[in-house]
Amino acid sequence: MADTQPQTQPVRTTAGTDATSLLQPTNYVGFDTITTQIENRMVKRGFTLNVMLVGASGLGKSTLINTLFSSHLDDSCGRNTVYEPIERTPDIKVTSHDMIENNVILHLNIIDTPGFADQINNNHCWDPLLKYVKDQHNQYLRRELNASREKFIKDTRVHCALYFVAPNYYGLSRLDVQALKKLTEVVNVVPVIAKSDTLTMEERANLKRTLQDQFKHYNLRMYPYNNQYDDRLTSEEIQFNKDIRSMLPFAVIGSEDVITTPKGETVRGRRTKWGTINVEDVTQCEFVYLRDFLTRTHLYDLIETTSLQHYEAFRTKQLTALRENVGARNSSQSQNQS
Amino acid sequence: MIIGETGTGKSTFINTLCDEDVIPPGNTSFNGEAMCIENHSATIFEGGTKINLDIVLTSGFGDSIDNTDSTAKLVDYLETQFELTLKEECRIQRTPHFKDTRVHAALYFIRPTGKGLRPLDIQCLKALSARCNVIPVISKGDLLTEEEKKLNKELILKHINAAGIELYDFSSCFEDIEEELPGFNLGQMVPFSIVSGTERKLIEEIEYKVRKLPHGIVRVDDPAHSDFPILRTCLLGACQQDLKDTTHDIYYERYRTKKLSEASQKREASGLAKTSAKTISAK
């Protein structure tokens, strides 16, 4: 970089510090290369992403995650033989994969929820999910509070919960509303319209509008959050978030099969007697938007929001409860002594 | 009778079947708390004859978080219809033109998930198959590719056989079906996978009923695209009389035998009690 002029230039930073107090050195120092140094360290360490898939069985959760990361990561759960029990209790299944792309390592953990909304009486079928999320926060907190703790605590906290909505005309079912109410309080929830190849364009637009109205009506906070005053983001990012929010939820189709379109291209998609669907075609489904949103623009933000917002809220609650317990015990002990 | 969860396409199916908007689209709202059973009627012209179709629609089935009593309500409805007919039969002076409200066929709409039947489906189908003709139908067939359709049908049949559910047997009217739809093996077609749509489009100078999807146009009337025309022919044409006969001869008789034997057992029990009371008082 060339030599810069001394301090008269107003500099805008994302950290929001006072512009006039920033000094710009007369000769080039070179501390701006810290970004590359950080990058090298982080690349060596790798990133962890934990994604939870929530939705009734048969909505294409496993297929979508395989399509998103372009590899066969998760096997669809289901009753493949008649000898399996009919009613499954909701369960948590975690599969881990380490993926590498251009020397960047991503530790991906997929948390599948077979049995969600599958029984005749689905009351509290969301409890195992909430318990899992809270348990991960708890585990992280304990490791953090440990007197001799590890250098880098393995992050198993759920960064993103993809909630699959069935492609109906009415939007959220009663079960969806209840489950979402609980989930949006503790984890970043990204709603997705599953199997949207069954919807006409008109039905899709109607469903999106219905869902957005329902989110507002039931006060469900979906990721990305509408924080006007979030000082971590630039104004472009805030505007981008607003655009994304108007497009939510994404209507997606997942497919691992490779087909040849009539034009002769080989793409991932589905072929039916009346047409072929190309998963990456934005006129047919919004898979590309979801993929870019999750992996290319908001991946780091998901991890950060989980850590700074949800985990902090959990931590505050736990530690104040702990302090109150200790205080109560101390006062009762002192009462017993006196 | 048409049974299925909200959003499985029951109203669209009825409208497509009757060629008119019997149930106005977008009508079935989701705010009703409990499941309710609605009656609609329509007139269809099939093969030159006028058919009065009475449609019983279950709205709200399987929509609550707790669905343990949904099946019970359905069974209740079916048995009430049998009861009405039984009472009418036993009357000394019968009403002329008694309207037969017994359910001749129950179309059960299954979601096209590719995972077969859910516990609620199995519970309901078991209860229904003991009381009326059950025809399982996979709705929204436009979701499935050819292979998925085949796999799904096989899986559902396996589940049905494992649970011991009796479906309506189409083999009794095979000859009639052969006449109207040559070349279709009905035994392999159950459950039917249908696509319903009420829009119309001109393709190659023939007007078809279609469903316009972003990636293609599904011809509802085309047996290659959806099993809808086959189902329609079976329901309204070839198997219509057989459905009514089986309802009367098998299911209604079953109910009647059960009811009357229960009644006679009660009388015996009370008769015994009376005779034992008499003997005690005589002593």
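Residues numbered from 1 in each chain as written. Chains lettered and ligands numbered in written order. Predicted model: local features only at pLDDT ≥ 70, side-chain atom pairs only at ≥ 80, totals over all residues. Heavy atoms only, no water.

- As recorded by an unreviewed UniProt entry, chain B carries the name Septin-type G domain-containing protein and is attributed to Eeniella nana.

- In the annotation of an unreviewed UniProt entry, the entry for chain A reads Cell division control protein 10, and the organism field reads Eeniella nana.
- Its UniProt record gives chain A a comment under Subcellular location (unreviewed entry), which states: "Bud neck". (UniProt positions renumbered as here; feature names shortened; annotations may be inferred.)

## Thoughts on the overall build of chain B
Okay, so step 1: When its secondary structure is counted, chain B shows seven helices and nine strands.
Okay, so step 2: Looking at chain B as a whole, 49% of its 283 residues qualify as buried.
Okay, so step 3: Across chain B, contacts joining residues at least 24 apart in sequence account for 67% of those joining residues at least 6 apart.
Okay, so step 4: Accessible surface, chain B as shown: approximately 13900 Å² in total, 52% of it carbon and sulfur. (Helix = DSSP H or I, 4+ residues; strand = E, 2+ residues; numbered from the N terminus. Buried < 20%, exposed > 50% of the residue type's maximum accessible area, 1.4 Å probe, protein only. Contact = heavy atoms within 4.5 Å. Areas by Shrake-Rupley, 256 points an atom, 1.4 Å probe, with all protein chains shown as cover.)

## What about the overall build of chain A?
Okay, so step 1: Counting its secondary structure elements, chain A contains eight helices and nine strands.
Okay, so step 2: Within chain A, buried positions represent 43% of all 338 residues.
Okay, so step 3: In chain A, the share of contacts with a sequence separation of at least 24, taken over all contacts with a separation of at least 6, comes to 67%.
Okay, so step 4: Within the structure as shown, chain A displays about 18700 Å² of accessible surface, and the carbon and sulfur contribution to it stands at 50%.

## Quick notes on helix 4 (residues 174-186) of chain A
Okay, so step 1: A maximum bend of about 25 degrees is found in helix 4 of chain A at Leu180 of chain A.
Okay, so step 2: Among all positions in helix 4 of chain A, only Leu175, Asp176, Val177, Ala179, Leu180, Leu183, Thr184 and Val186 of chain A are buried. (Bend = angle between axes of the 7 residues up to and from the residue.)

## Observations regarding the pattern of salt bridges
Okay, so step 1: All chains considered together, the criterion is met by 17 salt bridges over all chains.
Okay, so step 2: Close ionic contact of Asp135 of chain A with Lys131 of chain A constitutes a salt bridge, the shortest N to O distance being 3.2 Å. Highlighted residues: Asp135 of chain A and Lys131 of chain A, both in helix 3 (residues 127-145), separated by four residues, approximately one helical turn.
Okay, so step 3: In this structure Asp135 of chain A comes out as partly exposed when scored by relative accessible area, which is 31%.
Okay, so step 4: Arg131 of chain B is the partner of Glu79 of chain B in a salt bridge, and the nearest nitrogen-oxygen pair spans 2.8 Å. Of the two residues, Glu79 of chain B is situated in helix 2 (residues 70-90) and Arg131 of chain B in the loop between helix 3 (119-129) and strand 5 (134-138); the sequence distance between them amounts to 52 residues. (Salt bridge = Lys/Arg side-chain N within 4 Å of Asp/Glu carboxyl O.)

## Description of helix 1 (residues 34-45) of chain A
Okay, so step 1: The terminal C-alpha atoms of helix 1 of chain A lie 16 Å apart, and with twelve residues this matches the ideal 16 Å at 1.5 Å per residue to within 8%.
Okay, so step 2: Where helix 1 of chain A ends, the next residue or the one after it, Gly46 of chain A, has phi of about 85 degrees, a positive value. (Expected span 1.5 Å × (residues − 1).)

## Points about a positive patch on the surface
Okay, so step 1: The grouping of Lys134, Lys181, Lys182 and Lys317 of chain A at the surface amounts to a positive patch.
Okay, so step 2: Its place among the elements puts Lys182 of chain A in helix 4. (Patch = residues over 30% accessible without salt bridge, like charges linked within 9 Å, V, L, I, M, F, W, Y side chains within 5 Å. Lys, Arg positive; Asp, Glu negative; His and termini not counted. Charge placed at Lys NZ, Arg CZ, Asp CG, Glu CD.)

## Observations concerning the packing of helix 2 of chain B against helix 3 of chain B
Residue and element names in this part refer to chain B.
Okay, so step 1: Across the interface, helix 2 lies against helix 3 with an axial gap of 10 Å and an inter-helix angle of 20 degrees. Our classification of the angle between helix 2 and helix 3 gives roughly parallel. Judged by the sense of rotation from one axis to the other, the crossing of helix 2 with helix 3 is right-handed. The residues of helix 3 that touch helix 2, namely those facing Thr71, Leu74, Val75 and Leu78, are Leu120, Gln123, Cys124, Ala127 and Leu128.
Okay, so step 2: Broken down by class, the residue content of the contact of helix 2 with helix 3 amounts to seven nonpolar, two polar and no charged. (Axes fitted to C-alpha atoms, helices over the stretch in contact; angles between N-to-C directions. Parallel < 35°, antiparallel > 145°, perpendicular 65-115°, else oblique. Left-handed = near helix turned anticlockwise from the far one by under 90°. Nonpolar A, V, L, I, M, F, W, Y, C, P; charged D, E, K, R; others polar.)

## Observations concerning empty space enclosed by the protein
Okay, so step 1: Enumeration according to the criterion identifies five cavities of 30 Å³ or more in this entry.
Okay, so step 2: Its boundaries defined by the atoms lining it, the largest cavity holds a volume of some 510 Å³.
Okay, so step 3: Along the wall of the largest cavity there are 35 residues; nearest its centre are Ala56 and Ala166 of chain A together with Glu5, Arg111 and Arg118 of chain B.
Okay, so step 4: Of all elements in the fold, only strand 4 (160-165) and helix 4 of chain A reach the threshold of two or more residues within the lining of the largest cavity.
Okay, so step 5: Of the residues assigned to the lining of the largest cavity, the class counts are 13 nonpolar, 14 polar and eight charged. (1 Å grid on protein atoms, 1.4 Å probe; cavity = no way out; pocket = protein on both sides within 12 Å on 5 of 7 lines; lining within 4 Å. Points joined across faces, edges and corners; volume = space filled by probe spheres on them.)

## Structural notes on the interface of chain B and chain A
Okay, so step 1: Contacts between the two partners involve 44 residues from chain B, matched on the other side by 46 residues from chain A.
Okay, so step 2: Among the residues chain B hides against chain A, the three largest losses belong to Ile65, Lys115 and His215 of chain B. Together they make up 20% of the total.
Okay, so step 3: If you look at where chain B meets chain A, you find one salt bridge.
Okay, so step 4: Our enumeration of links across chain B and chain A arrives at three residue pairs in polar contact (both at pLDDT 80 or more).
Okay, so step 5: With six residues, helix 4 (residues 146-163) of chain B is the single largest residue contributor to the side of chain B that touches chain A.
Okay, so step 6: Across the side of chain B that touches chain A, the residue classes break down as 16 nonpolar, 15 polar and 13 charged. (Buried area = accessible area lost by both parts, 1.4 Å probe. Polar contact = N/O pair within 3.5 Å; in protein donor to acceptor, adjacent residues only side chain to side chain.)

## Looking at the confidence of the model for chain B
Residue and element names in this part refer to chain B.
Okay, so step 1: Mean pLDDT for chain B: 76, with 82% of residues reaching 70 or above.
Okay, so step 2: Confidence, read as mean pLDDT per element, is least for helix 5 (residues 174-180) in chain B (60) and greatest for strand 4 (residues 106-110) (87).
Okay, so step 3: Scored as a whole, the predicted complex attains pTM 0.82, and scored at its interfaces, ipTM 0.78. (pLDDT = per-residue confidence, 0-100.)

## So, the sheet that holds strand 2 (residues 93-101) of chain A
All names here are of chain A.
Okay, so step 1: The sheet built from six strands is open, its strands ordered 2-3-1-4-5-6 with mixed pairing. In this open sheet, the two strands that pair with only one neighbour each are strand 2 and strand 6 (250-251).
Okay, so step 2: For strand 4 and strand 5 (residues 189-193), the ladder comprises five bridges, and the chain directions are parallel. When the sheet's bridge partners are listed, Val165 is paired in strand 5 with Ile193. (Pairing = 2+ DSSP bridges.)

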